[in-house]
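A structural walkthrough
Residue strings, one per chain:
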Amino acid sequence: MADLDYTNIAGSPFQQYVDTQIEKRKKLVDKENRSSSELQWLTNKNVWVRVSSGANVLYGNKRFGGLEGDALSKKYILQSGLIDHTESPTNFKLRSGLGNDGAYGMGGSESFGFKPMPGITGISIKTGGKLGTLKETTIDFMCYNMEQLNIMEALYMKLGFGLLVEWGHTSYIDNDTEKIESVSTPLPFYGIHTKEKLLEEITANRVKHSGNYDATWGTVKNFTYSLIDNGAFKCQIQLVGAGDILESLKINLSGEYKSNAPIDSEFTSSVYPVIADQKSSTLNSALFNIYQNNVLNQSNVTGALIDFGQTYIDWLDLIFKNHISISNWTSNPELVRKGFHYRLINKPGMNDIHTVDIDTNVPTIESYIGTPSALFSRLIMGYEINGEGLSEGNNINSTGLEQVYITLGNLLLLIKYTGMLFHKNNEKDTPKPHIYIDVNPETNRCYTFPGHCSLDPTVCLIGSEKLPFGITSDIFSSIQATFPFYGDNKNAPGIGDADLGGKFMYTLVNIDWVTGILKKWRTADQKGNVYFIDLVKDILDGISKATGGYNEFRIVPDDDSGCIRILDDRRVTSPTQAPPTYTQIPVLGTKSLAYNFSYTSKISPNTAAMVVIAAQAQPYGVQGAENALAFSHLNKGMYNRLDTISVDAANENNATTKVNDNSNQRYIELRDFIEGIYNATGTGARSTSLEETKAAEDALGVKEKEGISQIPLTQVKPLVLLKLDLIYDDLREAAKGLKNEGELENLKKAYDATITTINSQDGQALATAVGALTLENGQLTYTDKGVYNLIHDKLESEYKSQGIILDTEIEKAWTTLATKQTGITRTWY
C-alpha cells in the first residue's frame, strides 16, 4: 500500500503483519517434513474466547457479598466456564471442585443440588455495515440457578454497559521466529482506564501475536434469557460497536453560547435560519456566533473576505474548550494534529504530545502560526446570492445579508464538540468523544476534475483547479489559494492531486444553509430531535448536488478505532499510482489454507428483471431513455419472436413530440450563471457594457494618457481575454436567433480555440501581435483598435476553419461591436 493511499477503511490491502502471517502459513502447510509442534498446529489448533465485564459495583453496595469496584467483574470472567482474576493482575484461576467458588455448587446446592457454573455455549462475531467495518457480537451462555442469573445479569446484561470480548488461536506461527507459539496472556483489562488506551492495547496485541489475537469493545444493546425444562436459564447478549449507534445519536443538545457581538439575540423572525434559530441548540448557537462575528451591524464586505483574526480564533477556542486549541495548535495531542485518522486512534502513543512526528505517513493538519489555517478559516462573501443587493450595514432586520462559509472539516468538528456524546472516568478527567470523526483534508479524498465547481453558493463553494469555460475570477482565486480543494499536495512530491483526488474537507459550506437543514429535521421530529446521520447525510447530499452530482459520499464508521470517515464511492485510484499488492489465499493445492469453499454464480432479482427487459428490446432497443439497458448486448443477433419490442408508456404516448433541445445554448447559459456567481454579481448573466469594461480595465491597472491606454506588460493576457469575452458575448447574442443551430456550436468551438491560442503566448508575444505603439519600462501603450483587430483575426481564423459561411448575422454583429467599442469599422474578410 502506498504511504499516502488512504482510500478506504475496507477494501485496502491487509496490514503487513497479516500478509506475513498468511505467507508463513502457506509455507508451513507446503512442507513435506514437519516437526511435532508443526503437526500439532496443523491437527490440533483451537480457538479460545474470553468475555470480561466493564461493570463496577458502587462502594457501599452489599448486594454481592461485599465485592466492590471491579472485584465482582474480576471474579466472574466468562472463559472455560468462569475464571477468577481477583488474586493478582497476572493470575487467572480456573475453578474446580465443589462449593460456591468451585466448578459445581455456585449459587448454592440446597434446593437443586450441585449445579455447574455458568459458561459460554456459543459466540458469533461477524462484520456488518455496508463496508463490513462494524462488529456485531452475539454471546450465548447458560446459568443453572437464580443466584447465578442475578450475578450474570448484573455484570453482562446491563443495557448500555461495555463488555470486552477477546478471542484467538491456542497456537500460532510467530512471524519473526517462525516457531509455534501459544496465546497465553490476555489484555490487562482491569488495569486500563480509558477506551483509547484499550484500543491501543488491542492493536498492540494483534501485532504481537501476528494477527492470531483479536478483540472488540462492545456495548450491550439487547439481551434475553429463558427458563428451560431442567431449571436452567438460557441467556443471550447482543453487542454493538460505537458506529452501530450513530443513528440514535442526537446532536441538537440544549444550551447556548454567549453572543460576542452587540446584536438583538432575541430576534427570531428573520428569514435567515442561522439568526432565527440561534437559541435552538448549542450547535445552532455556535454556528450563529461564527456567522455574526464581525458581520452583522458591520460595514459591508466587497467581494470575498477570508477571516482568521484573533477574535474569531478566540471564539473557536471557546467552542472547542479543552478538546482542541486553535490558538496553540502544538499543544494538542498528536491525534488531534493528525485529524483523528482511523488508523492512528488505536496506535500506541498517538494520544500524547510529541515534539517529533511519530507517524510521518499521515500528514499533520495545517496549524495556526500567525497565518490563516485553511481548515479553520472563515469566508465572508460580500454579495446577496438570491438576487437582492446587500442591506445597508448588514442590518439584521432586513434581507440581503452577507454569506458566511466554514470548511466541512470545521463543521464536522463543531458538530462533534457541541452535540455528540462524550465520556470520562471522573469529574477531573477531560471528556473523550464517544466516537471520533476524521477531518484531515490530506487523507480524505474525493473524485474531482478540472472545472469541478459549485453551481449553488447558497449551499457550498469549492476551490477546484479552475472554473469551466475559461472563466476567471478574483474571488475564485482567493478561495482556491486559501482552501486548496485541488491544491498542490505538499506531502507527496511528484504526485498530482488529480491522482489523489479532491480534498473535500476544504469544501466551504454555507452556514445559513446548514442551519436550515437543522431546522428541517427538528420540525420533522415529534420531539424536536436532530440525529447525526440525518444531518450529515443531508449535508453531503447537498454538497454533491450543488457541485454537479459527481460524488457519492457515504458515512462509514469503524468499530476497531471508534472513528467515522466519509468516503466517496466515485473516487478511484489513478493509473499513475502503483497498483496495490494483493494477498493470495489458496483454496486448493498443497498450499491451501481453506477447510472448505464453494463458488456460486447467481443473478439477483433486480438484475434478472433488467436482463429480461433488455431481451425484449431486441432488435431495436428499448425506446425510452430510462430503460435503455446495456444488457441488450447479451442477446445480440437474436430477438424474441412474440414480444419483439418493449417501449415506455410515457414515451409511446408522446412519440410524435419532438423537443427542440439546443444543448449549446444551455452551455452558454450555464457559463453565464457560473460567471455571475464567481464575479459577485449574483446569479444573473453578466453585463458587457462600456462602464463595466472600464471598471475591469481599472482593476488590471490600465491608465489613460492623452486618449491612449497604457497597461503593465504582465496584464496583457488578462486584458486580451477580457476583450475576447466581450466580443464573444455580443456575437453569441447575435447568433441566438439564427436558424442554423450549428453556427452557435461552431462559434463556441472558435471561442475555445482562441482562448487556447491566447493562453499559449506570453505578454511580450501578445504585445507584438497587438501592434503596440510603444513598449517602455514594462508599460504597453495600446489602442482598443489594436486589441480588437488581434482578436478579430484570431477568432475569424478559427471560425473560418469550422467551415462557416461568413455572410450571416455574425458578420453584422462584428461590425456593430467594433463600431460600438472602438469607433472603427471592421468586417469579416
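This section reports on the structure supplied with the text.

Conventions and cut-offs
Residues numbered from 1 in each chain as written. Predicted model: local features only at pLDDT ≥ 70, side-chain atom pairs only at ≥ 80, totals over all residues. Heavy atoms only, no water. Pairing = 2+ DSSP bridges. Helix = DSSP H or I, 4+ residues; strand = E, 2+ residues; numbered from the N terminus. Contact = heavy atoms within 4.5 Å. Axes fitted to C-alpha atoms, helices over the stretch in contact; angles between N-to-C directions. Expected span 1.5 Å × (residues − 1). Buried < 20%, exposed > 50% of the residue type's maximum accessible area, 1.4 Å probe, protein only. Polar contact = N/O pair within 3.5 Å; in protein donor to acceptor, adjacent residues only side chain to side chain. Parallel < 35°, antiparallel > 145°, perpendicular 65-115°, else oblique. Left-handed = near helix turned anticlockwise from the far one by under 90°. Nonpolar A, V, L, I, M, F, W, Y, C, P; charged D, E, K, R; others polar. Salt bridge = Lys/Arg side-chain N within 4 Å of Asp/Glu carboxyl O.

Two pairing modes exist for strands in a sheet, parallel and antiparallel, and in both the strands are linked by backbone hydrogen bonds. Here 3 strands make up an open sheet; going across it, the order is β17-β23-β22 and the pairing mixed. Single-partner strands in this sheet number two, and they are β17 (436–437) and β22 (553–558). Examined bridge by bridge, β22 and strand β23 (residues 563–568) share 6 bridges and lie antiparallel to one another. Across the sheet, Phe553 pairs through a bridge with Asp568, a residue of β23. Lying on the sheet, helix α14 (residues 532–546) is in contact with β17, β22 and β23; it crosses β22 at an angle near 145°.

The terminal C-alpha atoms of helix α13 (residues 511–524), which comprises 14 residues, lie 20 Å apart, in line with the 20 Å expected from a rise of 1.5 Å per residue. Taken as a whole, α13 has its buried residues at Ile511, Asp512, Trp513, Val514, Thr515, Ile517, Leu518 and Arg522. If you follow the buried residues of α13, they end up packed against α6 (273–276), α7 (282–292), β14 (403–407), α10 (408–419), β21 (508–510) and α14. Sitting at the amino-terminal end of α13 is Asn510, which places a side-chain oxygen 3.0 Å from the backbone nitrogen of Asp512.

Turning our eyes to something else, we now look at the packing of α7 against α10. At their nearest, the axes of α7 and α10 sit 9 Å apart, and the two run at 140° to each other. For the element pair α7 / α10, the angle class is oblique. With respect to the hand of their crossing, α7 and α10 are arranged in right-handed fashion. Each of Thr282, Leu283, Ala286, Leu287 and Ile290 in α7 lies in contact with α10, whose residues at this interface are Leu411, Leu414, Ile415 and Thr418. In the contact of α7 with α10, the residues fall into 7 nonpolar, 2 polar and no charged.

As a further point, take the pattern of salt bridges. Enumeration over the complete set of coordinates arrives at 23 salt bridges. Glu178 is paired through a salt bridge with Lys27; the nearest N and O atoms lie 3.5 Å apart. Highlighted residues: Glu178 in the loop between β8 (172–173) and β9 (180–181) and Lys27 in helix α1 (residues 16–29), separated in sequence by 151 residues. Between Arg206 and Asp214 there is a salt bridge whose closest N-O contact spans 2.7 Å. Linked by salt bridges that have partners in common, Lys75, Asp84, Arg95 and Asp101 make up one network.

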